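Letter by letter, the chains look like this.
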Amino acid sequence: MAEKPILALKHFSKQYGSGCDHCRDNRQELTKNICPFCQTVYAVDDVSLDLYKGEILGIVGESGSGKSTVLGSLYFNVEASEGEYQLNVPQSQPLNLFEASQQKKTRIRNTMLGMVYQNPMLGLRMKYSALSNIAEKMIAANHRNVEAMVERSRQLLDVVDIATIRMKEAPVNFSGGMQQRVQIAKALSNNPPVLLLDEITTGLDLSVQADVLDLIKTIQRELSISMIVVSHDLAVIRMIADRTIVMVNGRIIESGLTDQILEDPQHPYTQKLVYSLL
Amino acid sequence: MKYQGNYGFLDELSKKEIRRSILKAVAIPGYQVPFASREMPIARGWGTGGLQLTLSLVGPQDCVKVIDQGSDESVNAVSIRQLIQDTTQVETTWHTREATLIQSRHRIPEVPLKEGQILVLQVPIPEPLRSVEPSEEETRKLHAYGEYSLAWLKIFEQIIKFDQGSLSADHPVLVNHRYLMAPSPIPRFDNPKMNYNEGLILLGAGREKKIYAVPPYTEVKSIDFDDYPFTFETFAGKACRLSGLTDVFLDEIIDPKTQTASYQTNDQSYLLEILDEREKEKHG
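Note that the coordinates shown come from a computational prediction; the quantities given were computed from them, not determined experimentally. (Residues numbered from 1 in each chain as written. Chains lettered and ligands numbered in written order. Predicted model: local features only at pLDDT ≥ 70, side-chain atom pairs only at ≥ 80, totals over all residues. Heavy atoms only, no water.)

J.: Sorry, what's going on with the layout of surface pockets here?
T.: It is a probe the size of a water molecule, rolled over the atoms, that shows where empty space is left. If you add up the space inside the largest pocket, you get close to 1300 Å³. Residue assignment for the lining of the largest pocket shows that the elements contributing at least two residues are α3 (102-111), α4 (120-123), α5 (130-140) and α7 (176-188) of chain A together with α4 (136-145) and α5 (149-162) of chain B. In this structure, the second largest pocket spans a volume of roughly 350 Å³. Together, 19 residues line the second largest pocket, and Ala140(A), Asn142(A), Gly146(B), Glu147(B) and Tyr148(B) are the ones closest to its centre. Every element with two or more residues in the lining of the second largest pocket is listed here: α3 and α5 of chain A together with α5 of chain B. Among the elements that make up the lining of the second largest pocket, the one with the highest residue count is α3(A) (5 residues). (1 Å grid on protein atoms, 1.4 Å probe; cavity = no way out; pocket = protein on both sides within 12 Å on 5 of 7 lines; lining within 4 Å. Points joined across faces, edges and corners; volume = space filled by probe spheres on them. Helix = DSSP H or I, 4+ residues; strand = E, 2+ residues; numbered from the N terminus.)

J.: It is not clear to me how the pairing of strand β5 (residues 118-122) of chain B should be interpreted in this structure. Could you clarify?
T.: Remember that side chains alternate between the two faces of the sheet whenever the strand is regular. All names here are of chain B. With 5 of 5 residues buried, β5 is to be regarded as a mostly interior element. With 4 bridges connecting them, strand β4 (residues 101-105) and β5 associate as parallel partners. Within β5, the position partnered with Ile102 by the bridge is Leu119. Bridging between β5 and strand β8 (residues 200-205) involves 5 bridges; their strand directions are parallel. (Buried < 20%, exposed > 50% of the residue type's maximum accessible area, 1.4 Å probe, protein only. Pairing = 2+ DSSP bridges.)

J.: I would appreciate a short explanation of the side chain of Lys14(A) in the present structure.
T.: Residues and elements named next belong to chain A. With respect to the helices, strands and loops of the structure, Lys14 is situated in strand β1 (residues 7-16). One polar contact links the side chain of Lys14 to the main-chain carbonyl oxygen of Glu79, over a distance of 2.7 Å. When sequence neighbours within four positions are dropped, the list of residues in contact with Lys14 reads Val41, Tyr42, Ala43, Val44, Thr69, Val78, Glu79 and Ser81. (Polar contact = N/O pair within 3.5 Å; in protein donor to acceptor, adjacent residues only side chain to side chain. Contact = heavy atoms within 4.5 Å.)

J.: Even after reading the chapter, I still don't get the environment of Pro124(B), so can you show me in this structure?
T.: Residue and element names in this part refer to chain B. Its place among the elements puts Pro124 in the loop between β5 and α4. Put simply, Pro124 and Gln264 are 140 residues apart on the chain and 26 Å apart in space, counted from C-alpha to C-alpha. Beyond its immediate stretch of four places on either side in the chain, Pro124 contacts His106, Pro185, Arg207 and Glu208.

J.: Mind showing me how you'd approach α3(A) here?
T.: Residue pairs spaced three or four apart in an α-helix point in one direction, given the helix's 3.6 residues per turn. Buried within α3(A) we find Lys104(A), Lys105(A), Thr106(A), Ile108(A), Arg109(A) and Asn110(A). If you follow the buried residues of α3(A), they end up packed against β4 (82-87), β5 (113-116) and α5 of chain A.

J.: For this particular structure, what's the right way to read a negative patch on the surface?
T.: Taken together, Asp158(A), Asp161(A), Asp205(A), Asp211(A) and Asp214(A) make up a surface patch of like negative charges. Following the sequence through the fold, Asp158(A) ends up in helix α6 (residues 146-159). (Patch = residues over 30% accessible without salt bridge, like charges linked within 9 Å, V, L, I, M, F, W, Y side chains within 5 Å. Areas by Shrake-Rupley, 256 points an atom, 1.4 Å probe, with all protein chains shown as cover. Salt bridge = Lys/Arg side-chain N within 4 Å of Asp/Glu carboxyl O. Lys, Arg positive; Asp, Glu negative; His and termini not counted. Charge placed at Lys NZ, Arg CZ, Asp CG, Glu CD.)

Treat this as a map of the structure, not an account of what it does.
So, in structure tokens, the structure goes:
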């Protein structure tokens, strides 16, 4: 029997605006996915994906292709217009999570998902200590023992190489790479089975990028966590993703094993993307 | 000059609107009810919320007491008491037991409230999550979902920085297992007094336009962690320099000449009652 995906997204669409007869009938022909009559934006159109246990799935595409919207919807930051979202983990019932109550969404977000944002300002409380930032997710998951939370936070900060002496400092005083590492530690705090990473190396210099990517690989290898990595940088995807999805204008145009996508791209956009890398 | 305005300064429709908000607040303990806060003849931030509650509730049979941080004779307390008296001609008192309506800034009296008494607390910032979440829209959602982890986070940060699990004043409380509430900047010594209190506690924020309440016999629990339980100020080894009381909230008074500290009961009327009783006993 085929293995069941840990995360399944089916026919996900996201539109901004109510739409009109013209755009509903001619959705595929819209330039840049914007209706010229009612200005409705079709950010994501009929995207389906599966994530299997222990794998890293990459999503690549140009700016505005809808890749971050997909990730945002998986973390419940973006409300879906259509689609079905299932997490096949022991604590989750097999229901469409897009239709779950806000309390259930919050509980799932706090216990089963970890998110690392491109901009650390979105993922961290810049004026709270690094220890408190890690503990925030644990508190949200109803942990109420300070000593245990401090111990766990210290361990995680140690894993991501934050010096003990700086753990009580606020991330506002940290470098960009350190902030990203604190975010990764925070995302791991409740041992989530799924980690979502949104352009985590953008804005970092090459050596720091390599450190962060090494860390991601190590975490994936040692903890067997499933990850979805969104990036516009094919080099990042090449380094860490097992499978890759290519998105353009809110739609998936190509998907497959990362090596296959990079070595034998089929779609003209993917070919252009790969050749520009070489 | 004799006052010629409305009874209790506010017009009847205003009082009606505020009373309706109070009823809603009593019906949903700890929930912040928005209300149309009026301009008052005192500055915003000087107790306009509390004053509007008091003036909406006060009737000719009432006896009013006004306290400002434990004192009945501070400028703020005297001004508010004078305004209430001028506009209603009600009786006023310093004695907590005699009062039917007590307006207070930042203290709950030492004498326990009884059934039928109303305590009105003046509130500067009614939102307990405001320091961690600046958006009103977001805090309203957090209240609706009962998602209060940010309040615990604030205390966690306090523990990380100062190894102290309680805020000095305005320590948030969970009312009736549901709503997180700012108890107004009372010292945490007063937090336990709210739990299953016999009187009705109303809290009014004029500038922020919110009213909320703790009805009588309602559970009020200060938030804390399992290994850092809520604690309030203790004055171990210290006693009031005038009365010798030890189980009350004490003010620290530094002598400017000797730089030595002495302690005195903060609740001035309670202190005077104790001293009067002793004086009477002394002189038979």
